[in-house]
Structure formats: structure tokens, C-alpha cells
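Residue-level structure breakdown
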Amino acid sequence: MANENDPRVDPQEDPENEANTQGEGAQAPSPAGDEEIIEAEVVDDGTPAVGGDAHDAEAETGEEASGDADPAVDDGDALAQAEAILEEEGSKSEAEVLAEERLVDLQRLQAEYVNYRRRVERDRDVARETAVISVLNSLLPVLDDIEAARQHGDLEEGSPFASISKKLDSILGQHGLVRYGEVGAEFDPNVHEALLQQPSPEVEVETVSHVLRAGYRSGDRILRAAQVGVSVPE
């Protein structure tokens with residue numbers, strides 16, 4: 001080992017001193033340098049940064065995420081509300097259509113019932129009228145005999161047969177039976193049946209001169225035409 005006091009050795013040129021000096025400088029890094037290296041390694045490894053910067057980054061990320069999510073949620077709620085409104089309107093329209101169909105059915109049934117009731121009443125009236133006419137037609141020969149007896153004087157006033165005749169005429173009159181055919185009436189081929197015809201200077205139109213058998217009618221219906229003799233102008 002060289003003597004330090006040897007004037008021939010320059011301390012600045014001593015290789016060992018220089019090596020020691022360099023070794024000490026390389027082996028004794030500053031504390032600040034170690035912290036920077038550690039921090040750089042932590043950042044490179046992907047570990048979250050320690051300090052306010054990392055917290056701020058997370059907060060900003062959360063705000064961005066929440067800001068991006070809110071419009072989507074709002075859009076979803078609006079879409080759901082729109083679908084609910086459309087479904088409600090659709091259900092109302094179906095209910096209205098169903099109500100209209102039921103109303104039409106009810107009106108049709110009511111019209112059918114009214115027509116049925118009118119038809120039944122009309123058929124009832126026709127059946128009653130037919131029955132009455134049938135009975136009246138069956139009694140016409142009896143009425144002819146009573147009229148013949150009256151003309152021959154067999155139905156004297158106050159006799160029992162005269163009373164029965166009046167009652168029968170009254171009852172039949174209540175059912176609409178009318179006796180017609182009088183001498184001097186104008187001849188009508190619709191209600192009269194001419195069995196005799198003779199000219200006469202006393203008439204200007206065809207006139208009933210004799211009633212051979214009385215006619216009967218009920219309302220507008222002729223049950224039997226009157227058989228008459230007719231006088232015609234010369």
C-alpha cells in the first residue's frame with residue numbers, strides 16, 4: 001500500500017482513492033432519489049397513485065359514469081311511460097269499441113222486439129176478427145129466418161120472439177154486424193147483387209126497387225151482398 005506521506009504519490013491520481021470515491025458515490029444514493037424510484041415503480045406496476053391526484057381521478061371517473069348513466073335512465077323511464085300511456089289508450093279504445101258493439105246489438109234487439117210485439121198484436125187482431133166473422137157467417141141463415149118472420153108479422157110487438165130478436169140484433173151489432181139493403185138506394189155492384197132488372201121512367205140512375213134478401217157487412221168487409229131488384233132509366 002503506498003504511503004500517504006510519500007510525496008511521489010499524488011492523492012488526486014491515486015487509483016484506489018478514486019475507485020473508493022466512485023464506489024462511495026454509487027453506493028450512497030440520496031434519499032430523495034430512492035423515493036422517486038419507488039414512486040415510479042409503483043406507478044409502472046399499475047398500483048393506484050397515492051395522494052390527492054388519485055382521489056381526484058376516481059371522483060372525476062365516478063362523475064363521468066354517473067353523468068353518462070343518468071340520460072339512459074331518463075330515456076328508459078320516458079319510454080316506459082310512453083308505452084304505459086299507449087297501452088292505456090289502446091285499452092280505452094277497445095272498451096269504447098266493445099261498448100259501441102253492445103249498444104248496436106241492444107238497439108237491434110229492441111227493434112226486433114218492437115216488431116215482434118206489433119206483429120203479434122196484429123196477428124191477434126186478425127185472429128179475433130176472423131173468429132167473429134166466422135160466427136157471424138154461421139148466424140146469417142138464422143137472421144134470414146127472423147127477418148122473414150118479421151115481414152110476415154110473426155114477431156108481434158111484446159111477444160117473446162120479438163124480444164129475443166131484438167136482443168140478438170143488439171148483441172150482433174156490438175160485434176160490428178150491420179144489415180143493409182133498402183129500397184130506393186142507388187145500386188152499387190160492389191155491395192148489391194142484381195137478380196131483377198126493369199126499366200122505369202121514374203128513375204134517372206139505377207136504383208134498388210126490391211130487396212129479395214138483406215146483405216150484411218162487418219166493418220169494411222162484405223159478409224154477404226144484398227140480393228135486389230134494380231130499376232134502370234128508360
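Keep in mind the model is a prediction, meaning the values are calculated, not measured. (Residues numbered from 1 in each chain as written. Predicted model: local features only at pLDDT ≥ 70, side-chain atom pairs only at ≥ 80, totals over all residues. Heavy atoms only, no water.)

1. Overview of the sheet that holds strand S5 (residues 221-224)
Taken in spatial order, the three strands line up as S1-S4-S5 in an open sheet, and their pairing is antiparallel. At either margin of the open sheet sits one strand with a lone partner, and together these are strand S1 (177-180) and S5. Each neighbouring strand pair of the sheet contributes to a mean axis angle of 35°, computed without reference to strand direction. Alignment of S1 against strand S4 (residues 215-218), held across four bridges, turns out to be antiparallel. Considered in S4, the bridge of Leu177 is made with Ser218. (Pairing = 2+ DSSP bridges. Helix = DSSP H or I, 4+ residues; strand = E, 2+ residues; numbered from the N terminus. Axes fitted to C-alpha atoms, helices over the stretch in contact; angles between N-to-C directions.)

2. Details of the environment of Thr130
The residue Thr130 is located in helix H3 (residues 52-151) in this model. Side-chain polar atoms of Thr130 contact the backbone oxygen of Val126, separated by 2.7 Å. (Polar contact = N/O pair within 3.5 Å; in protein donor to acceptor, adjacent residues only side chain to side chain.)

3. Here's the deal with the side chain of Ser200
Structurally, the position occupied by Ser200 is in strand S2 (residues 192-200). A polar contact of 3.3 Å, which involves the side chain of Ser200, links it to the backbone nitrogen of Glu202. Dropping the residues within four chain positions of it, Ser200 is found in contact with Ser231, Val232, Pro233 and Glu234. (Contact = heavy atoms within 4.5 Å.)

4. Things to note about the pattern of salt bridges
Counting across every chain of the model gives seven salt bridges. Residue Arg150 pairs with Asp169 through a salt bridge whose shortest N-O separation is 3.6 Å. Residue Arg150 is located in helix H3, and its partner Asp169 is located in helix H4 (residues 160-174); the two are separated by 19 residues in the primary sequence. A relative accessible area of 35% places Arg150 in the partly exposed class. For Asp169, a relative accessible area of 38% gives the class partly exposed. What you see here is one network of salt bridges that share partners, running through Glu147, Arg150, Asp169 and Arg179. (Salt bridge = Lys/Arg side-chain N within 4 Å of Asp/Glu carboxyl O. Buried < 20%, exposed > 50% of the residue type's maximum accessible area, 1.4 Å probe, protein only.)

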